[in-house]
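# Understanding the architecture of this molecule
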There are 2 protein chains.
Amino acid sequence: MLTSSQQQLLRVISQSGPSSRTVLAASMGLSKAAMSGIARDLISRGVLRETETIYGQGRPSILLDLHPEGAFFGGISLLEDPAPLVLSDFNGNIVARQTMPLSRDPDIIAEMIADTLPKLLAECKDASRKLSGLGIALSGFVDEKQASCVKSTLLGWQDVPLAGIIRQKTGIATFIENDAKAVAVSEKLFGNARDVQNFSVVSFDDGIGCAHFIGGKLYRGNHGGAGEIAHCTIEPNGSPCRCGKRGCLDTIASLKAIKETAKAEGLSCQSLDELETEASLGNAAAIRVLHRAGSALGLAIAHLIQFNDPGLILITHVEGRFDGLFGTVMQQAVEANVLPRYAGQTPIRTQRVDGDVWARGAASIAAHNFLIGPNPY
Amino acid sequence: MLTSSQQQLLRVISQSGPSSRTVLAASMGLSKAAMSGIARDLISRGVLRETETIYGQGRPSILLDLHPEGAFFGGISLLEDPAPLVLSDFNGNIVARQTMPLSRDPDIIAEMIADTLPKLLAECKDASRKLSGLGIALSGFVDEKQASCVKSTLLGWQDVPLAGIIRQKTGIATFIENDAKAVAVSEKLFGNARDVQNFSVVSFDDGIGCAHFIGGKLYRGNHGGAGEIAHCTIEPNGSPCRCGKRGCLDTIASLKAIKETAKAEGLSCQSLDELETEASLGNAAAIRVLHRAGSALGLAIAHLIQFNDPGLILITHVEGRFDGLFGTVMQQAVEANVLPRYAGQTPIRTQRVDGDVWARGAASIAAHNFLIGPNPY
DNA sequence: AACAATAAGTTCAGAAAATGAACAAAGCAA
DNA sequence: TTGCTTTGTTCATTTTCTGAACTTATTGTT
């Protein structure tokens, strides 16, 4: 379909953002002449397009970028019921949305997707012709090929080859991925981290997830377990965690843990926001809870910075606020626990995201496979 | 000099070890026909050679590997005085060795190297013709291009463009690197991690260093600071560290810290080995010191596993033993602090290394640049 | 306003590299 | 022996890339 140079060009653009032909040629080690032809071809296929014109000395350069309607990807989140199914264009815009009932049976899931997909595609002309992949986000561990779910406590799965089952039912290339990793990919391809080669996304929710991009590529780890900061020990001999050990970050700083701790402290707060309000009114118990959680999360992030020296930490959250005590304490804990020389050198951005993050993330997994493809040398 | 396919072939072989032409062709996405020519050419140039013959069904396959004498690299360690200068072949064997007095003045260092290099090359015929790069290992932070030392407390440097100075004096491509990262590279290219794509090396010495290989490439981090586990906070509000914060791993588990703690505990031990002996005789203070250090190192390594899920952790040490209480406690601490599901899944190897590790590591940095080169897409 | 100067992007003939298909080579299995 | 299987080679053909000259679009300068 696409030549390897064309693939490579898409890869480079998706990794370094819109660039001129000359820049792209240089960064791919090709001549301007070769780039001219490759770009012309991809533009005529509708995959690339010219966007901005940059004026400098000499003839202005024209930036090439992915064409929003060059390819479409389906994304399904298995984290909610009903499960959302979205259709994303090449820019990460959601152009169609459906839902389907969640099931734990992979065959039923596949059938549901096969049933719902036509409805989704009907919402957007062109999309069915250019549908280039499906992505599924789920809570759990996924194998290296992004084909099989090794283990999901939430879904009660062990070694379920979900991608293959769906591919068979729908005939479309399908990839599955862990929820946090899917969000990281969507931030890289479509979001706030397009031009950052090395960064980590921390997803703050009822649980805490994390994923790393290293060298412009999702780093999954040797067993798909890279980024499992939730079960990093923060309080040795702390309270027991459902994972079997003690004092995990997850038992202290996750939204669920914060709510539970608040309840145990006799507070009646139902949400992080309420807790923040209480704390701002001087409620000592609320302050204590938020302080403990913020310090814990900050310490874990500091470790992350010390260990991996990322160019950016992106904290995504659906609920909650990061501009209150919790966020402030977290920031302070980060600063206090990284090498003073590096303190403040790693930008930490918090970003509120809507409920479709997971589905959009799932779609981006398909896009990532389309663009970056299997590990090239 | 070499075509990009030839470069790529060297890269693939150095990353996945000796392989047959057919396997190499497949993993590079080329036809057998193309591989045939590329391999022939590299063999005739003396860069590759045929090694083992593997018998199976059908015609046996012949493995291709780097020719030990295909290229030579110089390596200099600025961590000792006198500084060792070694000449390494393509297999990491040290074929010649010299020393030179250490200086803090980059110009004098460059001059010393230029003076000593001819003596080194004289020890091995062919080498001067095939010398393909110089590598320098030092304690401190190095910039992305491996050209400039951003900061070295030991040498008292800040933004010293050492590589350029040496290149100018010697006319040979020169790269500098942090000590731990250099060791990691030599383990990947020449040592025990040749076939592992993702691993971390922890160098245990007077200080604690660490470096990551991710996706078959050295990961340096956004400011060259990836792997700085020495200043990860292990005991919040612990004793002050020279870095400015408190409770760093370095203040608890480095060889230096262990010796100092032992002294503060009133023990007269001069080395880790003596301390182990004392502990085995039941000396409570010795046991306490080793236990604390082992737990700390184990916890840090557990974090490393949780965060990055490497395929291997390699602990290198010049002095000391890892088969005593210290090592045992460390292992236990690792097991206790990783997700139970993953406990024991990450091999941890300890490896005693000789005093030339740094110089050999430095040489491997040059080899790494020759083989893997600047970041390709 | 005319005229360099500068750099981006294009064109095209020629060079380089990769492919496909047929084939030689080196074993195993029966 | 005779197939069978798989590796590796050969070579004409096709694909892809390059180099050099050229066109284009702009800024800066007289």
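On a predicted model such as this, the values are computed, not experimentally measured, just so you know. (Residues numbered from 1 in each chain as written. Chains lettered and ligands numbered in written order. Predicted model: local features only at pLDDT ≥ 70, side-chain atom pairs only at ≥ 80, totals over all residues. Heavy atoms only, no water.)

It is worth spelling out the overall build of chain A at this point. Assigned secondary structure in chain A consists of 13 helices and 16 strands. Relative to the compact-globule value of 21 Å for 377 residues, chain A shows a C-alpha radius of gyration of 22 Å, a close match. Projected onto its principal axes, the C-alpha positions of chain A cover 65 × 55 × 35 Å. In chain A, which comprises 377 residues, the proportion classed as buried is 58%. A separation threshold of at least 6 residues defines the contact pool for chain A, and within that pool the share at least 24 residues apart is 60%. Accessible area for chain A stands at about 14900 Å²; split by element, carbon and sulfur atoms hold 49% of it. Seen as two clouds, the 35 positive and the 38 negative side-chain charges of chain A have centres 6 Å apart. (Helix = DSSP H or I, 4+ residues; strand = E, 2+ residues; numbered from the N terminus. Rg over C-alpha atoms; globule rule 2.2 N^0.38 Å. Buried < 20%, exposed > 50% of the residue type's maximum accessible area, 1.4 Å probe, protein only. Contact = heavy atoms within 4.5 Å. Areas by Shrake-Rupley, 256 points an atom, 1.4 Å probe, with all protein chains shown as cover. Lys, Arg positive; Asp, Glu negative; His and termini not counted. Charge placed at Lys NZ, Arg CZ, Asp CG, Glu CD.)

Once that is clear, we can look at the packing of helix α10 (residues 272-280) of chain B against helix α12 (residues 325-337) of chain B. Residue and element names in this part refer to chain B. Contact geometry of α10 with α12 gives a least axis separation of 9 Å together with a crossing angle of 85 degrees. The angle between α10 and α12 falls in the class roughly perpendicular. Contacts between α10 and α12 pair L272, E276 and A279 from the former with L325, F326 and G327 from the latter. Residue composition of the contact of α10 with α12, by class: four nonpolar, one polar and one charged. (Axes fitted to C-alpha atoms, helices over the stretch in contact; angles between N-to-C directions. Parallel < 35°, antiparallel > 145°, perpendicular 65-115°, else oblique. Nonpolar A, V, L, I, M, F, W, Y, C, P; charged D, E, K, R; others polar.)

The peptide bond linking D81 of chain A to P82 of chain A adopts the cis configuration, its omega dihedral lying at 5 degrees. One non-glycine residue, D126 of chain B, adopts positive backbone phi at about 80 degrees. With respect to the helices, strands and loops of the structure, D126 of chain B is situated in the loop between α4 (106-122) and α5 (127-130). Positioned with a positive phi, D159 of chain B is a non-glycine residue whose angle comes to about 50 degrees. Examined against the element boundaries, D159 of chain B turns out to sit in strand β10 (residues 157-160). D159 of chain B gets classed as exposed once you look at its relative accessible area, which sits at 51%.

With that out of the way, let us pick up the sheet that holds strand β11 (residues 174-178) of chain A. All names here are of chain A. Strand order in this open sheet of five strands is β6-β5-β4-β7-β11, and the pairing throughout is mixed. Where the open sheet ends on each side, the last strands, each with one partner, are β6 (94-100) and β11. When the angles between neighbouring strand axes are averaged without regard to direction, this sheet yields 20 degrees. Running at roughly 135 degrees to strand β4 (residues 72-77), helix α13 (residues 357-371) makes contact with β4, β5 (83-88), β6, β7 (131-138) and β11 of the sheet. (Pairing = 2+ DSSP bridges.)

One full turn of an α-helix is made of 3.6 residues, so residues set three or four places apart face in the same direction. Residue and element names in this part refer to chain B. Here helix α3 (residues 32-44) contains 13 residues, and its C-alpha end-to-end distance of 18 Å stays within 8% of the 18 Å for a straight helix at 1.5 Å per residue. Within the span of α3, buried status applies to M35, I38, A39 and L42. Along the axis of α3, the buried positions cluster into a sector of 100 degrees, meaning they face one direction only. Opposite the packed face of α3, turned more than 90 degrees from it, sit the exposed residues A33, R40 and S44. For α3, the elements touching its buried residues are α1 (4-16), α2 (21-28), β2 (48-54) and β3 (61-66). (Expected span 1.5 Å × (residues − 1). Arc of directions from axis to C-beta.)

It is worth spelling out the protein's contact with DNA strand C at this point. Surveying the vicinity of DNA strand C reveals 26 residues, the closest of which are S36, G58 and I62 of chain A together with S5 and S31 of chain B. Each atom of DNA strand C within 4 Å of the protein was assigned to sugar, phosphate or base; sugar and phosphate come to 63%. One of the side-chain nitrogen or oxygen atoms of S36 of chain A is found 2.7 Å away from a phosphate oxygen of DNA strand C. One of the side-chain N or O atoms of R40 of chain A is found 3.2 Å from a phosphate oxygen in DNA strand C. Mapped onto the surface near DNA strand C, the elements with two or more residues apiece are α2 (21-28), α3 (32-44) and β3 (61-66) of chain A together with α3 of chain B. A per-element tally of the surface near DNA strand C places α3 of chain A first, with four residues. (Near = heavy atom within 4 Å. Polar contact = N/O pair within 3.5 Å; in protein donor to acceptor, adjacent residues only side chain to side chain.)

Take helix α10 (residues 272-280) of chain A next. All names here are of chain A. Restricting attention to buried positions, one finds in α10 the residues L272, L275, E276 and A279. The buried side chains of α10 occupy one side of the element, clustering within an arc of 100 degrees when seen end-on. Residues of α10 that are buried make contact with β12 (199-204), α9 (255-264), α11 (284-308) and α12 (325-337). Phi for G282, located one or two positions after α10, is positive at around 95 degrees.

Here the focus is the packing of helix α1 (residues 4-16) of chain A against α2 of chain A. Residue and element names in this part refer to chain A. Two numbers describe how α1 lies on α2: the axes approach to 11 Å, and their chain directions differ by 110 degrees. On the basis of their axis angle, the class for α1 and α2 is roughly perpendicular. Here α1 contributes S5, Q8, L9, V12 and I13 to the contact with α2, which in turn contributes L24, S27 and M28. Split into classes, the residues belonging to the contact of α1 with α2 amount to five nonpolar, three polar and no charged.

Moving on: the packing of aromatic side chains. Summed over all chains, the structure comprises 17 aromatic pairs over all chains. Pairing F90 of chain A with F370 of chain A gives two aromatic rings, centres 5.9 Å apart and planes at 65 degrees, and the pair type is edge-to-face. Of this pair, F90 of chain A sits in the loop between β5 and β6 while F370 of chain A is found in helix α13, placing the two residues 280 residues apart along the sequence. By relative accessible area, which is 1% here, F90 of chain A ends up buried. Judged by its relative accessible area of 24%, F370 of chain A is partly exposed. With centroids separated by 5.2 Å and ring planes inclined at 85 degrees, the aromatic side chains of F141 of chain A and Y342 of chain B adopt a geometry described as edge-to-face. Placement of the pair is F141 of chain A in strand β8 (residues 141-142) and Y342 of chain B in the loop between α12 and β16 (348-352), with the two residues belonging to separate chains. Three or more aromatic residues joined by ring pairs form one cluster here, namely F73, F90 and F370 of chain A. A cation over a ring is seen here: R167 of chain B above F175 of chain B, with NZ or CZ 5.7 Å from the ring centre. Against the face of Y342 of chain B rests R341 of chain B, its NZ or CZ located 5.1 Å from the ring centre. (Phe/Tyr/Trp six-rings, centres within 6.5 Å; stacked < 30°, edge-to-face > 60°. Lys NZ or Arg CZ within 6 Å of the ring centre and 35° of its normal.)

It is worth spelling out the pairing of β7 of chain A at this point. Successive side chains on a regular strand alternate, one facing one side of the sheet and the next facing the other. Residues and elements named next belong to chain A. A large share of β7 lies buried, amounting to seven of its eight residues. In terms of strand pairing, β4 meets β7 through five bridges, oriented parallel. Within the sheet, the bridge partner assigned to I76 lies in β7 and is I136.

Take the nonpolar core next. As a rule of thumb, soluble globular proteins bury nonpolar side chains together. Counting residues in hydrophobic clusters, the biggest one holds 82 residues, and the most contacted among them are F204 and L297 of chain A together with F204 and L297 of chain B. Other than its neighbours up to four places away in sequence, F204 of chain B contacts A253, S254, L255, I258, L272, L297, I315, T316, H317, V318, F322 and F326 of chain B. (Core = buried A, V, L, I, M, F, W, Y, C linked by side-chain atoms within 4.5 Å.)

Bringing the protein's contact with DNA strand D into the picture now. In the vicinity of DNA strand D lie 26 residues, with S31 of chain A together with S36, G58, R59 and I62 of chain B positioned nearest. Expressed as a percentage, the sugar and phosphate content of the atoms of DNA strand D within 4 Å of the protein is 65%. S31 of chain A has a polar backbone atom sitting 2.6 Å from a phosphate oxygen of DNA strand D. Note that a base nitrogen of DNA strand D is positioned 2.8 Å from one of the side-chain N or O atoms of K32 of chain B. When residues of the surface near DNA strand D are traced back to their parent elements, those giving at least two are α3 of chain A together with α2, α3 and β3 of chain B. Of all the elements, α3 of chain B adds the most residues to the surface near DNA strand D, at four residues.

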